[in-house]
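# Coordinates in review
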Amino acid sequence: MRFIVTSTALLKNLQQIGGVISANTVLSVLEDFLFELRGNTLTLTATDLETMMRVQMDVNDAQGDGHICIPSKIISDYLKNLPEQPVTFSINEKDLSIEMSSDVGKYHIGGEKADDFPKEPAPSDTTAFSMSSIALIHSMNKTVFAVSTDTLRPAMTGVCFELSNDSITFVSTDAHRLVRLRRSDVNSPANASFIVPRKPLQQLRSALPTDETQLQLAYNESHLFVTAGRLSLSCRLIDARFPDYKAVIPTENPYKLIVNKNDFISALRRVSIFANKTTNQVVLDINGNALQISAQDIDFSYEGKEMLSCQYDGEDMKIAFNAKLMIEMINNLDGNEIQIDLSTPTRAGIFREVDKQENEDTLMLLMPLMVGI
């Protein structure tokens, strides 16, 4: 088994799928890339047992079909330190030896048996739908950040996909905040919902093209399968029931606060420096069209205040939020202005975009803190 490939092209493809590989694995083969040669097509695969990613690329002067597992770290480090040039791979599948020859040298490493590499799950009894690559990336950017890291609540460690005949809704929550993004430019042949773990979504977000390339997504009871040209991913779904998020979203938040997004974030970052490091609490004191942002840490006698102009329709109010969570949420809203819907200091605030995107409706919810706590 022999082939020639450009070093930078191979490295780019390995980096697309390399994020799937876990740092701490029980099986040594899970630290490898699977190389499979068929004709002039080289298929590269990486997995952590839960998620599998593969990409195909063309090679030159291919001789003999075959497959072998190659340690991911050593081949990645080698290619990163090699200027762009052709590299010849000569692989002996009997003794699992691999020779890599370039213009500057010759290197030998040992591989592992391809038969020991986990098999991809069969996409049986699947339901399929499609959406553009940029739409999925944009949707993941707005939802993945709010996914919980609490493994004791597995349903909240992924993004819930809700499919219907005329839309798709993405929902994520960590119990302190919630994001619901609904797209009307995607439809599914059947109503369904499933939870996709954070890691494969992060991998897709970094590997997919940022254009209108159409993705094919298919799912069954246990797995999601995503195909984009020569790149594909399969991952195990989270087997849990997603919380009833609709019951959490207030139906009546009559007070509307509109503020410049960049000015608000900048002020929050400055004022939160003086907040208690445990709670990160900042207080929004709204009085007419004036918004005062304040924070204090009594233990160290720290205090910070800033004033912003705003548009406000409602009764004067003082409400507190976690500044770190609020900044992260606002950063993931588009446009120059944001709208915050409020009701009372003890009810969740709803954050929206003033200039809504076409075919998209984004709602972000943040639970308040008790003022003074």
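Anyway, here's the lowdown on the structure attached to this text. No experiment lies behind these values; they were computed from the predicted model shown.

Attention now goes to the overall build of the protein. What the protein contains, in helices and strands, is six helices and 26 strands. For the C-alpha atoms alone, the extent of the protein along its principal axes is close to 75 × 50 × 35 Å. For the protein, the share of sequence-separated contacts (at least 6 apart) that also reach a separation of at least 24 residues comes to 67%. Carbon and sulfur atoms make up 46% of the accessible area of the protein, which amounts to about 17,700 Å² in all.

This part takes up the environment of Leu333. One can find Leu333 in the loop between α6 (323–331) and β24 (337–342). Taking the relative accessible area as the measure of exposure, Leu333 reaches 1% and is therefore buried. In contact with Leu333, not counting residues within four places along its chain, are Lys261, Ile338, Phe351, Arg352, Glu353, Thr362 and Met364.

Despite not being glycine, Asp61 shows a phi value in the positive range, around 50°. By the secondary structure assignment, Asp61 is in strand β5 (residues 60–63). When its relative accessible area of 49% is taken as the criterion, Asp61 is described as partly exposed. In this structure, Leu96 takes a positive phi of about 60° despite not being glycine. Mapped onto the elements of the fold, Leu96 is located in the loop between β7 (86–92) and β8 (97–101).

When we look at a pair of aromatic rings, we describe it by the centre distance and by the angle of the planes. With the rule as written, the count across this model stands at ten aromatic pairs. Centroid distance Phe161 to Phe170: 4.8 Å. Interplanar angle 80°. Geometry classified as edge-to-face. Here Phe161 and Phe170 have matching classes, each one buried. Three or more aromatic residues joined by ring pairs form one cluster here, namely Phe129, Phe161, Phe170, Phe194 and Tyr219.

On to the pattern of salt bridges, then. Considering all chains together, one arrives at 19 salt bridges under this definition. Across the salt bridge formed by Lys142 and Asp334, the nearest N and O atoms sit 3.2 Å from each other. Residue Lys142 is located in helix α3 (residues 133–143), and its partner Asp334 is located in the loop between α6 and β24; the two are separated by 192 residues in the primary sequence. We classify Asp334 as partly exposed; its relative accessible area is 22%. Where Asp341 meets Lys256, a salt bridge forms, and the shortest distance between an N and an O atom there is 3.6 Å. Placement of the pair is Asp341 in strand β24 and Lys256 in strand β18 (residues 255–260), with a sequence separation of 85 residues. Relative accessible area serves as the criterion here: at 2%, Asp341 is assigned to the buried category. Residue Lys256 is classed as partly exposed on the basis of its relative accessible area of 30%. A single salt-bridge network, built from bridges that share partners, covers Lys142, Arg183, Asp185, Asp334, Glu353 and Glu360.

Here the focus is helix α1 (residues 7–18). Side chains that are three or four residues apart share a direction in an α-helix, a result of its 3.6 residues per turn. Its twelve residues give α1 an end-to-end C-alpha distance of 16 Å, which sits within 8% of 16 Å, the value for a rise of 1.5 Å per residue. What α1 keeps buried is the set Ser7, Leu10, Leu11, Asn13, Leu14 and Ile17. Each buried residue of α1 sits inside an arc of 165° when the element is viewed along its axis, so together they form one side.

Procedures and definitions
- Residues numbered from 1 in each chain as written.
- Predicted model: local features only at pLDDT ≥ 70, side-chain atom pairs only at ≥ 80, totals over all residues.
- Heavy atoms only, no water.
- Helix = DSSP H or I, 4+ residues; strand = E, 2+ residues; numbered from the N terminus.
- Contact = heavy atoms within 4.5 Å.
- Areas by Shrake-Rupley, 256 points an atom, 1.4 Å probe, with all protein chains shown as cover.
- Buried < 20%, exposed > 50% of the residue type's maximum accessible area, 1.4 Å probe, protein only.
- Phe/Tyr/Trp six-rings, centres within 6.5 Å; stacked < 30°, edge-to-face > 60°.
- Salt bridge = Lys/Arg side-chain N within 4 Å of Asp/Glu carboxyl O.
- Expected span 1.5 Å × (residues − 1).
- Arc of directions from axis to C-beta.

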